[in-house]
Amino acid sequence: MDNAACPTTQASMSLFERYLTLWVGLCMVGGIALGRFAPSVATTLDGMTLDVNGAPVVSIPIAICLFFMMYPIMVKIDFGEVVQAGKSTKPVLLTLIVNWAIKPFTMYVIALFFLGGALNGLIGADAVDLVKLPLGVDLSVGDTYGAGTVVVVDGIQMLEVPLWRSYLAGCILLGIAPCTAMVLVWGYLARGNDGHTLVMVAINSLAMLVLFGVIGGFLLGVGQLPVPWEALLLSISVYVALPLVCGYFSRKLILRAKGETWFKERFLHRLTPITIGALLLTLVLLFSFKGDVILANPLTILWIAIPLTIQTILIFAVTFVLAKLIGLNYRDAAPTALIGASNHFEVAIATAVMLFGLSSGAALATVVGVLIEVPLMLLLVRVCLRSERWFPAA
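As the structure is a prediction and not an experimental result, all values here were calculated from the model.

Here we come to the overall build of the protein. Looking only at helices and strands, the protein has 17 helices and six strands in total. When each of the 394 residues of the protein is scored for burial, the buried share is 54%. Taking the intrachain contacts of the protein between residues at least 6 apart in sequence as the baseline, contacts between residues at least 24 apart amount to 82%. Carbon and sulfur atoms make up 66% of the accessible area of the protein, which totals about 16300 Å².

So, in structure tokens, the structure goes:
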């Protein structure tokens, strides 16, 4: 292998992307400090919500941040290439099967084994978490719903659930959200087929419109967690469908007005720091509410990271082997495996916040997915590059 031809991390990733784990760590510290020394600021921001029947459903600041996280991803999608990709069935079927028929269920089983079993005593068998009541559900104080009990906190009805189940919910949301953003970087670093990567991203984005809610609702129900179908549908509409529609039409308008060169070299380049900045601001708010939990049990991050790490490596290995068995060349196999291994943490965070609340354990679990994403995926990129000779030439 010619190392000189291999793109390096330093040259291929922006400053924000290259040190994403560091920025996430700093946001953790900043958020915890905000919650401890200026709690009124975070509380005021979290109180800016759209309410349904008196219950907070959408956090306006978070919704704005998350839209700017999602829009740059969606505006990159070329739907003409998606239609063309349908002629190549093997990689399309492999991506859909791994991401929607295998990955969600292995994530559930692995997370359940560790969070509900092997690590349950370390998390706290009796520890509880407060999450939002499902939208449209009429319950009284003391009623049970799944594994939770309705309680009143500061005059608002909440659902008290075992803490480990709340972490499980966050893992489930990560497991049903295949990556559609950073995987473009991972595929490039692995010397994959960029066109193939973008097409697979587009296909998964469209599949997410249908399967995210269906599979997510099913697994949350199996895990005895609240299944807020109305909020789940609203989450898909706000955080997937709306950016997708805006991205589609704005892409057409910009290409018509400015041309493809300006769109790719100027417009998309300017969007990247906005995306990462919106993500980091969201994390500051999230950690401002979870600071007490983390300070009381700093190993919480580790307990959540263990099943997420195992899941990532397992799905990568399964996809990479299947790609080899069905005869994909390396440039298609590498990004396909990396898409399966990585998670769409933007959607997972957005959905966890909307369904369970900014201060929920589910939201914290999705943030751990961000924390481990960069170092783990860079490791898997190296595995891909070292395995290139195993595949037939393109």
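Turning to the packing of aromatic side chains, a few remarks are in order. In total, this model carries five aromatic pairs according to the counting rule given. A centroid spacing of 6.1 Å and a plane angle of 25° characterise the contact between tryptophan 262 and phenylalanine 267, whose relative ring orientation is stacked. Ring centres of phenylalanine 316 and phenylalanine 320 lie 5.1 Å apart, and the angle between their planes is 25°; this geometry places the pair in the stacked category. One end of the pair, phenylalanine 316, and the other, phenylalanine 320, are both in helix H14 (residues 300-325), four residues apart, so they sit about a helical turn from each other.

Take the packing of helix H7 (residues 89-118) against helix H15 (residues 330-341) next. Where H7 meets H15, the closest approach of the two axes is 10 Å, and the angle between their N-to-C directions is 20°. Judged on the interaxial angle alone, H15 and H7 are roughly parallel. Considering how the two elements wind past one another, H7 and H15 form a crossing that is right-handed. The residues of H15 that touch H7, namely those facing Leu94, Thr95, Val98, Asn99 and Lys103, are Thr336, Ile339, Gly340 and Ala341. Grouping the constituent residues of the contact of H7 with H15 by class yields four nonpolar, four polar and one charged.

On to the environment of alanine 101. Along the chain, the position of alanine 101 falls in helix H7. With 75 residues separating them in the primary sequence, alanine 101 and isoleucine 176 have C-alpha atoms 9.8 Å apart.

On to the nonpolar core, then. Among the nonpolar cores identified, the biggest contains 67 residues, and Leu283, Leu308 and Phe356 are the most heavily contacted of them. Here leucine 308 is in contact with Met107, Cys171, Leu174, Ala365, Val368, Gly369 and Ile372, once residues within four sequence places are set aside. Val98, Met200, Ala334 and Ile339 belong to the second-largest nonpolar core, a separate cluster that totals 31 residues.

Taken as a whole, the protein shows an average pLDDT of 75; of its residues, 74% reach a score of 70 or greater. Looking across the protein, the model is least confident in helix H1 (residues 9-12), with a mean pLDDT of 44, and most confident in H14, with 91. Note on residues 1-12: pLDDT is under 50 here. Beyond four places in sequence and across chains, it has 21 contacts.

With 26 residues, H14 extends 39 Å from end C-alpha to end C-alpha; this agrees with the ideal 38 Å at 1.5 Å per step. Two residues or fewer past H14, glycine 327 is found with a positive phi of approximately 85°.

Moving on, we come to the side chain of asparagine 343. Relative to the assigned elements, asparagine 343 resides in the loop between H15 and helix H16 (345-356). Judged by relative accessible area, which is 10%, asparagine 343 ranks as buried. Only 2.9 Å separates the side chain of asparagine 343 from the side chain of lysine 103, close enough to count as a polar contact. Discounting residues that sit within four places of it in the chain, asparagine 343 has contacts with Lys103, Leu174, Ala177, Pro178, Cys179 and Glu373.

Moving on, we get to a nonpolar patch on the surface. A cluster of nonpolar side chains, Met48, Ile60, Ile64, Phe68 and Ile274, forms an exposed patch at the surface whose accessible area comes to about 410 Å². Among the elements that take part in the nonpolar patch, helix H5 (residues 60-74) stands out by supplying three residues, more than any other. Within the secondary structure, isoleucine 274 is located in helix H13 (residues 260-296). Classification of isoleucine 274 by relative accessible area gives partly exposed; the value is 39%.

Criteria and thresholds
Residues numbered from 1 in each chain as written. Predicted model: local features only at pLDDT ≥ 70, side-chain atom pairs only at ≥ 80, totals over all residues. Heavy atoms only, no water. Helix = DSSP H or I, 4+ residues; strand = E, 2+ residues; numbered from the N terminus. Buried < 20%, exposed > 50% of the residue type's maximum accessible area, 1.4 Å probe, protein only. Contact = heavy atoms within 4.5 Å. Areas by Shrake-Rupley, 256 points an atom, 1.4 Å probe, with all protein chains shown as cover. Phe/Tyr/Trp six-rings, centres within 6.5 Å; stacked < 30°, edge-to-face > 60°. Axes fitted to C-alpha atoms, helices over the stretch in contact; angles between N-to-C directions. Parallel < 35°, antiparallel > 145°, perpendicular 65-115°, else oblique. Left-handed = near helix turned anticlockwise from the far one by under 90°. Nonpolar A, V, L, I, M, F, W, Y, C, P; charged D, E, K, R; others polar. Core = buried A, V, L, I, M, F, W, Y, C linked by side-chain atoms within 4.5 Å. pLDDT = per-residue confidence, 0-100. Expected span 1.5 Å × (residues − 1). Polar contact = N/O pair within 3.5 Å; in protein donor to acceptor, adjacent residues only side chain to side chain. Patch = residues over 30% accessible without salt bridge, like charges linked within 9 Å, V, L, I, M, F, W, Y side chains within 5 Å. Salt bridge = Lys/Arg side-chain N within 4 Å of Asp/Glu carboxyl O.

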